[in-house]
Amino acid sequence: MEIKDRIRMIMEREKVPPRVFAETIGVQQSTLSHILNDRNKPSLEVVMKVHQKYDYVNLEWLLYGKGEMVVSEEETSFSSSNSDYLPSLFDENLINSSKEPAIPENRKEMPLRNAENTPKEIVKQEIRYIEKPARKITEIRIFFDDNTYETFRPEK
């Protein structure tokens, strides 16, 4: 079973058509269509969006087809009680983890050194004409609409 089939199984479980599923996970409808029709493989970003929206889906099952589709209650309670949980790089709503408000950095603009006095580089452009040997016509063909043609060759 391929990953597209597992995505299709999630859609069936949720009882949503592809258009709604794509909208729900935040991808273009065409992206999902290409995945389901086996034109493209889903990117990691698409897989993570599916997993973030439907967090009951076992990520290992979604990626590799290993294990069960639904995460067991033990795994769910373990992950929710785990205080060392680090958010994914792909989490969309990241919260500033530090208690301090973010202070914008003040930066100075540094002027370019001697920008006005820099001499411009002189560019020489040279055009060379290369003579090619004269070409001679060896054959002329004229095609007619009745699927015939005539060939003309110069006399030597």
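- Named according to an unreviewed UniProt entry, the protein is Helix-turn-helix transcriptional regulator originating from Bacteroides xylanisolvens.

A word on the overall build of the protein
Part 1 of the reasoning: A count of helices and strands for the protein gives six helices and two strands.
Part 2 of the reasoning: Secondary structure elements in the protein, listed N-terminal to C-terminal, are α-α-α-α-α-α-β-β.
Part 3 of the reasoning: Taking all 156 residues of the protein together, 18% fall into the buried category.
Part 4 of the reasoning: Pairs at least 24 apart in sequence give 43% of the contacts found in the protein among residues at least 6 apart.
Part 5 of the reasoning: Put simply, the protein shows about 14900 Å² of open surface, and 50% of that area lies on carbon and sulfur atoms.

Thoughts on the nonpolar core
Part 1 of the reasoning: In this structure, Ile7, Ile10, Phe21, Leu32, Val50, Tyr54 and Leu62 are the most contacted members of the largest nonpolar core, which totals 19 residues.
Part 2 of the reasoning: If you tally residues by element for this core, the top one is helix α1 (residues 3–14), at four residues.
Part 3 of the reasoning: Ile7 has contacts with Phe21, Leu32, Ile35, Leu36, Pro42 and Leu62, leaving out every residue within four places of it along the chain.

A short note on the pairing of strand β2 (residues 149–152)
Part 1 of the reasoning: Here strand β1 (residues 140–143) runs beside β2; their pairing, made up of four bridges, is antiparallel. When the sheet's bridge partners are listed, Ile142 is paired in β2 with Glu150.

Notes on the pattern of salt bridges
Part 1 of the reasoning: Throughout the structure, instances matching the rule amount to seven salt bridges.
Part 2 of the reasoning: Among the salt bridges present, the one from Lys49 reaches Glu45, with a minimum N-O distance of 3.7 Å. Note that Lys49 and Glu45 are positioned in helix α4 (residues 44–53) at a spacing of four residues, about one turn of the helix.
Part 3 of the reasoning: Here Glu126 makes a salt bridge to Arg128, at a shortest N to O gap of 3.4 Å.
Part 4 of the reasoning: Since its relative accessible area comes to 63%, Glu126 is described here as exposed.

Some remarks on the packing of α1 against helix α3 (residues 29–36)
Part 1 of the reasoning: The interhelical angle for the contact between α1 and α3, taken along N-to-C directions, is 120°, at an axis separation of 9 Å. In terms of orientation, α1 and α3 fall into the oblique class. Facing Lys4, Ile7, Arg8 and Met11 of α1, the residues of α3 in contact are Leu32, Ile35 and Leu36.
Part 2 of the reasoning: In terms of residue class, the contact of α1 with α3 is made up of five nonpolar, no polar and two charged.

Conventions and cut-offs
Residues numbered from 1 in each chain as written. Predicted model: local features only at pLDDT ≥ 70, side-chain atom pairs only at ≥ 80, totals over all residues. Heavy atoms only, no water. Helix = DSSP H or I, 4+ residues; strand = E, 2+ residues; numbered from the N terminus. Buried < 20%, exposed > 50% of the residue type's maximum accessible area, 1.4 Å probe, protein only. Contact = heavy atoms within 4.5 Å. Areas by Shrake-Rupley, 256 points an atom, 1.4 Å probe, with all protein chains shown as cover. Core = buried A, V, L, I, M, F, W, Y, C linked by side-chain atoms within 4.5 Å. Pairing = 2+ DSSP bridges. Salt bridge = Lys/Arg side-chain N within 4 Å of Asp/Glu carboxyl O. Axes fitted to C-alpha atoms, helices over the stretch in contact; angles between N-to-C directions. Parallel < 35°, antiparallel > 145°, perpendicular 65-115°, else oblique. Nonpolar A, V, L, I, M, F, W, Y, C, P; charged D, E, K, R; others polar.

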